[in-house]
Structure formats: structure tokens, C-alpha cells
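The chain contents come next:
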Amino acid sequence: MKSIYFLGECMVELRVLDGATMGQSYAGDVYNSAVYLKRCFTDIATSIVTAIGQDKLSDKMLSCFKNENINTQFVFRHNSKVPGLYLIDTDAQGERSFTYWRSDAAARKIVDFLDDDVITQLGAGDMLFFSGISLAVIEESAREQFWIRLEQLKAAGVKVVFDPNYRARLWQSEDQAKQQFERALRFSDVTLPGVEDLTVLYGIDSAQQVIDFCQSFGIAEIVVKNGPESVITFVQGQLTAHHITPVTNVVDTTSAGDAFNGVYLGARLSGRSISDAVQLAATAAGTVIQHPGAIAPRDEFKKVMLAAGI
Ligand code: AMP
């Protein structure tokens, strides 16, 4: 059985429904990707590597992972910290705004839990995914240790996958983000960048420039997401532009990239070709954006993906 780890943060999501009522769920880039991968590829062991608390919301978050058939063996429980939280509010014009409480989240402590024993267990897996957001939330004091652990996993044969998702507010400076991203790219066997993420940091504004930039790190499999325009891949010296069918009924683009990442990696782990994996991933992302929130309804999502040939 193939296996993949998604390392990072899952948060408590609050959504204002009307003036006095809020809906509550769970979301976070690595969690979203894990959910969509597992819904499509049930025979891939899919684990989240994160830290949560001992509180009731953490209990429910754990149940939520289990409900999606995600392995929780590497979900560690911090003694005093609790999960990060964010609130989505929508104004009269339909504009969404986000407020975050995540600066003291349990997930920031994940590296503390990656001891020799855990690294030995993780070393048996096939792939480890982390994002620019995962990197940003790791405490600054733990980053060196994170790179040591990643090196150990890579030496054990785990393929490293990085999505340089950039969230400016999570970093002290652009220089700090760039330095960490470049370190991550040097480790990566596969990368799944969006064009926009590299625009602010590197002034890159085309898919070709993203390919050139990632190639300079010697990455074997480069998959560039460029919204509804196209997906460009560069693998074994071969550059391919994949056509994406644009969705007209876009409701909420939250987690489009996450769904793409999860389904693409699941397809690749299942032995699918690059172009098959891109088409399945684009179908997943195109479906997710027709539903509100990060996680689309399971049955509807699975129906579309079955028809697409998962
Ligand atoms: P983005 O993060 O905007 O590049 O989007 C991630 C993925 O979602 C893209 O690679 C597409 O596969 C898909 N996607 C985004 N926007 C659209 C759209 N309007 N129509 C169809 N697919 C889309």
C-alpha cells in the first residue's frame, strides 16, 4: 500500500451565517488536500502530521480526520496549546474577509514531536507533502531542526513535495520567506507552485518563469497551476501545457489548489501518467470551486470524480 503524509496545520473554521449564528468546521491546506486525495484514492494510506490540543474542539477535529478515513497516528496532542482558529465573514457585497487567531496554535509545535522514533516510522512512507503555510507556522526556533528531520526522511527514501503557498502575514519579512522557500525547493522531488505565489516574492508572473525558477533547484517534477488558464508541467526535460476547461459557475475558490494537489499526488502515487493526474486534479479543483467552503460535499464530489475515471 502506498502512503503519503501531509505535514502542517488544520484550523477551526467559524463562518458567520447570519448576525447571531455561526457555523463551525475544520480546514487548512494540508487537511483539505488529504481529504480530497483519500476520497479519490481509498487505497493510499493518507496521514496528517500535525499537533492539536487536549480540548474538545481538538477531539472533534480528530474525529473529523477519522471520518474522512485519514490516519491519525501522527496527530500529536500538545499538553497546553489548542488549535488555531479563523473566522470568515461575508459583507453585503459578497466580499469575504478572514480573521485569524493562530499565532499560538498547537500546530506550531509539530517539530517538537518529531523524535527519532517518529522519524523512523515516517521513513517507511512514500511521500511527504508540506506547503509554504506549513513552513511559516513552524516556530522559527524549530526550523533548523525541521530541516534536519526532513533530510533524514529524504535519506530514508521519502519523496519530498512542496507547494510554495505564500501568505505574507505569516512571515516576518519577504527575505525570511524566500530563504525558507529556497531551502524547501532544494529538498523537493516534486513541486506544485501557483504562479501568483511567486509573484510577490520573486517578481515572477508567468508559468514559464515559474518553471525556469524551479528548474534552477533541480526539481524532477514541476507542476505549475495557473488558475483556469492552464497547467504547465516540466518532467524529465519535457514541457507540456495541459488544457483546463474553465468553470463558469465559480462559487468559492477556497481550496482549489489544495484539491488539485491532493488528487494530483494521489493519482501519481497510483501510477497514473502526468497528463491523467493533471486532468483528474483539475476536475477535482473545478468541482470544489462550485461549492462554498474548503470541503465540498462528499457524495457529490465522489460522483464527479468517479465519472472522471478515478
Ligand atoms: P489556482 O490556485 O487559482 O491556480 O487554482 C488551482 C487549480 O484550480 C487550477 O490549476 C485549476 O485546475 C483549478 N481552477 C481554478 N480556477 C478555475 C476555473 N475558473 N475553472 C476551472 N478550474 C479552475
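Cut-offs used in this document
- Residues numbered from 1 in each chain as written.
- Predicted model: local features only at pLDDT ≥ 70, side-chain atom pairs only at ≥ 80, totals over all residues.
- Heavy atoms only, no water.
- Axes fitted to C-alpha atoms, helices over the stretch in contact; angles between N-to-C directions.
- Helix = DSSP H or I, 4+ residues; strand = E, 2+ residues; numbered from the N terminus.
- Parallel < 35°, antiparallel > 145°, perpendicular 65-115°, else oblique.
- Left-handed = near helix turned anticlockwise from the far one by under 90°.
- Contact = heavy atoms within 4.5 Å.
- Nonpolar A, V, L, I, M, F, W, Y, C, P; charged D, E, K, R; others polar.
- Buried < 20%, exposed > 50% of the residue type's maximum accessible area, 1.4 Å probe, protein only.
- Phe/Tyr/Trp six-rings, centres within 6.5 Å; stacked < 30°, edge-to-face > 60°.
- Salt bridge = Lys/Arg side-chain N within 4 Å of Asp/Glu carboxyl O.
- Pairing = 2+ DSSP bridges.
- UniProt positions renumbered as here; feature names shortened; annotations may be inferred.
- Core = buried A, V, L, I, M, F, W, Y, C linked by side-chain atoms within 4.5 Å.
- Disulfide = S-S within 2.5 Å.

Novice: Go over the packing of helix H1 (residues 29-40) against helix H10 (residues 256-269) with me, naming the residues and quoting the values.
Specialist: Taken N-terminus to C-terminus, the directions of H1 and H10 make an angle of 45°; their axes are 7 Å apart at the nearest point. In terms of their interaxial angle, H1 and H10 are classed as oblique. As H1 packs across H10, the resulting crossing turns out to be right-handed. For the pair H1 and H10, the contacting residues are Asp29, Asn32, Ser33, Tyr36, Leu37 and Cys40 in the first and Asp258, Ala259, Asn261, Gly262, Val263, Leu265 and Gly266 in the second. Taken together, the residues that form the contact of H1 with H10 break down as six nonpolar, five polar and two charged.

Novice: Go over the side chain of threonine 50, please, and point to the residues and values.
Specialist: Structurally, threonine 50 can be placed in strand S4 (residues 45-52). Judged by its relative accessible area of 1%, threonine 50 falls in the buried class. Residues contacting threonine 50, with those up to four places away along its chain left out, are Gly8, Glu9, Cys10, Phe65, Phe74, Val75, Phe76, Ala107 and Ile110.

Novice: I'd like to hear about unusual backbone geometry, residue by residue, with values.
Specialist: Even without being a glycine, glutamine 236 presents a positive backbone phi close to 45°. Within the secondary structure, glutamine 236 sits in the loop between strand S12 (230-235) and strand S13 (238-243). You can call glutamine 236 exposed: its relative accessible area is 78%. For serine 255, which is not glycine, the phi torsion reads 70° and is therefore positive. Positionally, serine 255 belongs in the loop between S13 and H10. Assessed through its relative accessible area of 7%, serine 255 is described here as buried.

Novice: Residues and numbers for the packing of aromatic side chains, please.
Specialist: Considering all chains together, one arrives at 19 aromatic pairs under this definition. Consider the rings of tyrosine 202 and phenylalanine 213, whose centres lie 4.4 Å apart with planes at 45°: the pair is tilted. Pair noted here: tyrosine 202 is in helix H8 (residues 195-202) and phenylalanine 213 is in helix H9 (residues 207-215), with a separation of eleven residues, a long-range link. You can call tyrosine 202 partly exposed: its relative accessible area is 21%. Phenylalanine 213 sits in the buried class, given a relative accessible area of 15%. Taken together, the aromatic side chains of Phe130, Phe146, Trp147, Phe162, Tyr166, Trp171, Phe181 and Phe187 make up a single cluster linked through ring pairs.

Novice: Tell me about the pattern of salt bridges, residues and numbers included.
Specialist: Considering all chains together, one arrives at twelve salt bridges under this definition. Residue arginine 39 pairs with glutamate 68 through a salt bridge whose shortest N-O separation is 2.9 Å. Taken together, the residues arginine 39 in helix H1 and glutamate 68 in the loop between helix H2 (56-67) and strand S5 (75-77) connect sequence positions 29 residues apart. The same class applies to arginine 39 and to glutamate 68, which are both buried.

Novice: Summarise the sheet that holds strand S9 (residues 159-163); cite the residues concerned and give the values.
Specialist: The sheet built from nine strands is open, its strands ordered S5-S4-S1-S8-S9-S10-S11-S12-S13 with mixed pairing. A strand with exactly one partner marks an edge of an open sheet, and here the two such strands are S5 and S13. Here helix H6 (residues 143-155) sits on the sheet in contact with strand S1 (3-7), strand S8 (127-131) and S9, set at roughly 150° to S8. Running at roughly 150° to strand S11 (residues 221-226), H10 makes contact with S1, S8, S9, strand S10 (190-191), S11 and S12 of the sheet.

Novice: So what's going on with the UniProt feature "domain: Carbohydrate kinase PfkB" (unreviewed entry) in the protein? Which residues, and what values?
Specialist: UniProt feature "domain: Carbohydrate kinase PfkB" (unreviewed entry): in the numbering of this structure it lies at residues 3-297. Between the C-alpha atoms that bound residues 3-297 there is a distance of 24 Å. The span itself is 39% helix and 25% strand.

Novice: Just give me the short version of the nonpolar core, but keep the residues and values in it.
Specialist: Counting residues in hydrophobic clusters, the biggest one holds 52 residues, and the most contacted among them are Phe65, Phe260, Val263, Tyr264 and Leu265. Residue contributions to this core peak at nine residues, all from helix H11 (residues 274-288). With sequence-adjacent residues up to four places away left out, phenylalanine 260 is seen in contact with Leu192, Val223, Lys225, Val231, Val278, Ala281, Ala282 and Ala285.

Novice: If you had to explain the state of the cysteines to someone new, which residues and values would you point to?
Specialist: On inspection of all chains with the given rule, the structure shows zero disulfides. Cysteine 64 supplies the cysteine sulfur nearest to cysteine 40, a cysteine that is in no disulfide, at a spacing of 17 Å.

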